[in-house]
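Listed below, chain by chain, are the residues.
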Amino acid sequence: MSKTDAVAPEPGRRRRPARERLLAAASRRFYADGVAATGIDTITAEAGVAKMSLYNNFSSKADLVIAYLDARHEEWLGLYRQRLAEAEGARGGVLAVFDAYADHAAFAYEHGFRGCGLLNAAAELPAGDEGRLVVRRHKEEVESLLAEHVEDLLPDQPERARAVAEHLAFLLEGAMARAGLEGAGTRLEHARTIAADLLDRL
């Protein structure tokens, strides 16, 4: 979705459905330029569809924003599951979360890496907006995944495990924010090293 720019279909191949092209275009533009700065005309032009096609697939721009946020969440979960499949044990599970964020940062974004696309969008949305709730659920799920792995490392210390998971979540989010400002995933690599050291001292 957000890894690369759209590529023209090969001769004889059917074009992707309009909804998929609209979501891909919105993903590129929302991440590169921001949600508020990206208009419907820009999205439909980049997707190569008529404006009516957008409203046939999404009830409003707000609906498209929600679809974009849901898609980014699913994209991250896919990266996490790939990393988890290669991980060894609970310690590896924690580090798989950090690795998935680093993988997201390594995508070939149009204007470079700008941090967490979910948080960037949430910062533009008003309090109480459904999109902010989508982002909050994503962050809570990430912390919950961390907690599950840490609880496996500290099976008889549930309160400490939750505190460590919260610590790791803060470390991850802080690194993501700095990485976004710097346009590179170096801070995420550092955060992973810090997390590994913390786990080794549990």
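Residues numbered from 1 in each chain as written. Predicted model: local features only at pLDDT ≥ 70, side-chain atom pairs only at ≥ 80, totals over all residues. Heavy atoms only, no water.

Going by what an unreviewed UniProt entry lists, the protein chain is known as TetR family transcriptional regulator and is assigned to Streptomyces spiralis.

Draft legend 1. Spotlight on the UniProt feature "DNA-binding region" (unreviewed entry) in the protein chain. Taking the UniProt record as the reference, the feature "DNA-binding region" (unreviewed entry) is found at residues 39–58. Along residues 39–58 one finds 75% helix and 0% strand; the C-alpha atoms at either end are 14 Å apart. (UniProt positions renumbered as here; feature names shortened; annotations may be inferred. Helix = DSSP H or I, 4+ residues; strand = E, 2+ residues; numbered from the N terminus.)

Draft legend 2. Representation of the nonpolar core within the structure. Core analysis: the largest hydrophobic core is formed by 65 residues, its most contacted members being Leu69, Trp76, Phe98, Leu146 and Leu168. The greatest single-element share of this core, amounting to 11 residues, is contributed by helix H4 (residues 61–86). Dropping the residues within four chain positions of it, phenylalanine 98 is found in contact with Leu146, Leu168, Leu171, Leu172, Ala191, Arg192 and Ala195. (Core = buried A, V, L, I, M, F, W, Y, C linked by side-chain atoms within 4.5 Å. Buried < 20%, exposed > 50% of the residue type's maximum accessible area, 1.4 Å probe, protein only. Contact = heavy atoms within 4.5 Å.)

Draft legend 3. Expanded view of the packing of aromatic side chains. Overall, the coordinates contain six aromatic pairs when judged by the stated rule. Ring geometry for tyrosine 109 against phenylalanine 113: centres 6.2 Å apart, planes inclined by 35 degrees, an arrangement best described as tilted. The residues tyrosine 109 and phenylalanine 113 share a single accessibility class, namely buried. An aromatic cluster of three or more residues is present, and its members are Tyr31, Phe107, Tyr109 and Phe113. Here the guanidinium or amino end of arginine 114 rests over the ring plane of tyrosine 31, the centre of that ring lying 6.0 Å away. (Phe/Tyr/Trp six-rings, centres within 6.5 Å; stacked < 30°, edge-to-face > 60°. Lys NZ or Arg CZ within 6 Å of the ring centre and 35° of its normal.)

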